[in-house]
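Each chain, written out:
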Amino acid sequence: MTALSVLDLSPIVEGSDESQSLANSLDLARHAERLGYKRFWLAEHHNMPGIASAATAVVIAHVAGGTRTIRVGAGGIMLPNHSPLVIAEQFGTLAALHPGRIDLGLGRAPGTDMGTARALRRNLDAGADNFPQDVIELMGYFQPAEPGQRVHAVPGEGQKVPVWILGSSLYGAQLAAMLGLPYAFASHFAPAELDHALDIYRSRFQPSEQLDKPYVMLGLNVFAAPTDAEARLLFTSLQQAFVNLRTGRPGKLPPPVEGYESSLDPMAKSMLGQALSCAVVGSPDTVRQGIDAFVRRTGADELMVTAQMFDHAARVRSFEILADAHKSVSQAA
């Protein structure tokens, strides 16, 4: 049975603030736990007026401390922004506080614009190109100490925090396969290389201590509501946010707008059609059919579902509808 998980960017909506967004994230995580979702992941983005999860490890601590059983993690930490030792210490601390519940997804992109990346790293020369070596170094800090080892992650050493590789291109698929790690593909906003990346990952996978066979998690936008029309209206918030971001006008998540898509020019419509092609938007029946078709096409082991909705109550309801739809699909299968 394909597992269901949640990816949250802790959206900051127009007319609200970061405190409310972070409170909403915890509330959503508690609902997800009650509904049987497997994981609740948060994403690292910087200099984004509409995203409150920039200090990702801190928000993970907030969510994990307010829940009891659901796995909580990063989807992901943008490793070029950090030293491997610092991340090992952060996630070693999280694992010590919440044993058996912490995941660490690692990405190669900066999660921001290049000016902000410079402010984060100061030196871009050793950034993304060192990603494979940084991943291996980071994983080493979670292992028991070697004789003569001088640098230790405390907490972290011996924790064996599960590490995932995130990606939206073929690079991450190759690295995850080579290292024998689970692979999460960002199909919810960059689906162009999805099929090719899955083929590479599965065909080249080498078993490791962490994983004996390929395991794929795929990002999927799901906007569920009692009717197709209501779901499509809720979806316009994400559509507006994408158009704003791609045209250099990032901001807080806007409220839904009736007829938004019909007001767009052909270029914007095409961009949205490509970027958000991995989306299931509609009533319970539409969602049931949509997730079933997506899983059948991709063979996903797990779906990482995201829903950037303006209204928090509608977002909670969407995940409730999805949980019911997923149960129906599983029973039918």
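Reading guide: rules and limits
Residues numbered from 1 in each chain as written. Predicted model: local features only at pLDDT ≥ 70, side-chain atom pairs only at ≥ 80, totals over all residues. Heavy atoms only, no water. Helix = DSSP H or I, 4+ residues; strand = E, 2+ residues; numbered from the N terminus. Rg over C-alpha atoms; globule rule 2.2 N^0.38 Å. Buried < 20%, exposed > 50% of the residue type's maximum accessible area, 1.4 Å probe, protein only. Areas by Shrake-Rupley, 256 points an atom, 1.4 Å probe, with all protein chains shown as cover. Lys, Arg positive; Asp, Glu negative; His and termini not counted. Charge placed at Lys NZ, Arg CZ, Asp CG, Glu CD. Pairing = 2+ DSSP bridges. Salt bridge = Lys/Arg side-chain N within 4 Å of Asp/Glu carboxyl O. Axes fitted to C-alpha atoms, helices over the stretch in contact; angles between N-to-C directions. Parallel < 35°, antiparallel > 145°, perpendicular 65-115°, else oblique. Left-handed = near helix turned anticlockwise from the far one by under 90°. Contact = heavy atoms within 4.5 Å. Polar contact = N/O pair within 3.5 Å; in protein donor to acceptor, adjacent residues only side chain to side chain.

Colleague: Describe the overall build of the protein chain, listing the residues and the values that go with them.
Modeller: Each helix and strand in the protein chain was counted, giving 11 helices and 9 strands. For the protein chain, whose C-alpha radius of gyration is 19 Å, the value lies close to the compact-globule estimate of 20 Å for 333 residues. The dimensions of the protein chain, computed from C-alpha atoms along their principal axes, are 65 × 45 × 40 Å. The buried share of the protein chain, taken over its 333 residues, is 52%. Roughly 14600 Å² of accessible area belongs to the protein chain as shown, and the carbon and sulfur atoms make up 53% of that amount. The average position of the 27 basic charges and that of the 33 acidic charges among the side chains of the protein chain differ by 2 Å.

Colleague: Lay out the pairing of strand E9 (residues 302-306) with the relevant residues and their values.
Modeller: Buried residues dominate E9, accounting for 5 of its 5 residues. In E9, alternate side chains face the same way, and those of Glu302, Met304 and Thr306 on one face and Leu303 and Val305 on the other are all buried. With 4 bridges joining them, strand E1 (residues 3-8) and E9 adopt parallel strand pairing. Across the sheet, the residue bridging to Leu4 is Leu303, located in E9. As paired elements, strand E7 (residues 216-224) and E9 share 5 bridges and run parallel to each other. Counterpart to Leu220 in the pairing with E9 is Val305.

Colleague: Run through the pattern of salt bridges, naming residues and quoting values.
Modeller: All chains considered together, the criterion is met by 10 salt bridges. In this structure, Arg315 engages Asp8 in a salt bridge whose closest nitrogen and oxygen atoms are separated by 2.8 Å. Separated by 307 residues along the polypeptide, Arg315 in helix H11 (residues 312-332) and Asp8 in strand E1 bring together distant segments of the chain. Each of the two residues, Arg315 as well as Asp8, counts as buried. The salt bridge involving Glu209 is made with Lys160; its shortest N-O contact spans 3.1 Å. Here the residue Glu209 occupies a position in the loop between helix H7 (194-204) and E7, and Lys160 occupies one in the loop between helix H5 (131-141) and strand E5 (163-167), the gap between them amounting to 49 residues. In the salt-bridge network here, residues are joined through shared partners; they are Arg39, Arg71, Asp103 and Glu302.

Colleague: For the packing of helix H8 (residues 228-246) against helix H9 (residues 266-275), give the residues involved together with the corresponding values.
Modeller: As a packed pair, H8 and H9 sit with axes 10 Å apart at the nearest point and diverge in direction by 110°. In this view, H8 runs roughly perpendicular relative to H9, as classed from their interaxial angle. The crossing of H8 and H9 is right-handed. Residues Gln239, Phe242, Val243 and Arg246 of H8 touch H9, and the partners they reach there are Met271, Leu272 and Ala275.

Colleague: Tell me about unusual backbone geometry, and name the residues and values.
Modeller: Across the junction of Gly75 and Gly76, the peptide omega takes the value 5°, indicating a cis bond. When you line up the elements, Gly76 lands in strand E3 (residues 71-78). Put simply, Val154 and Pro155 share a cis peptide bond, and its omega is -5°. Turning to its location among the elements, Pro155 is positioned in the loop between H5 and E5. For Lys160, which is not glycine, the phi torsion reads 50° and is therefore positive.

Colleague: I'd love a proper account of the side chain of His312, names of residues and values included.
Modeller: Position of His312 among the secondary structure elements: in helix H11. With a relative accessible area of 18%, His312 lands in the buried category. Only 2.8 Å separates the side chain of His312 from the side chain of Asp27, close enough to count as a polar contact. Those residues within four positions of His312 in sequence are excluded, and the remaining contacts are Asn24, Asp27 and Leu28.

Colleague: Explain the environment of Tyr37 to me, and be specific about the residues and the numbers.
Modeller: By the element assignment, Tyr37 lies in the loop between helix H1 (18-35) and strand E2 (39-42). Owing to a relative accessible area of 5%, Tyr37 belongs among the buried residues under this scheme. Taking C-alpha positions, Tyr37 is 15 Å from Leu218, a pair spaced 181 residues apart along the chain. Among residues more than four places away in sequence, those in contact with Tyr37 are Leu4, Ser5, Val6, Ala32, Ile70, Phe319, Leu322 and Ala323. Here the side chain of Tyr37 touches Phe319 through a polar contact of 2.6 Å, landing on its backbone oxygen.

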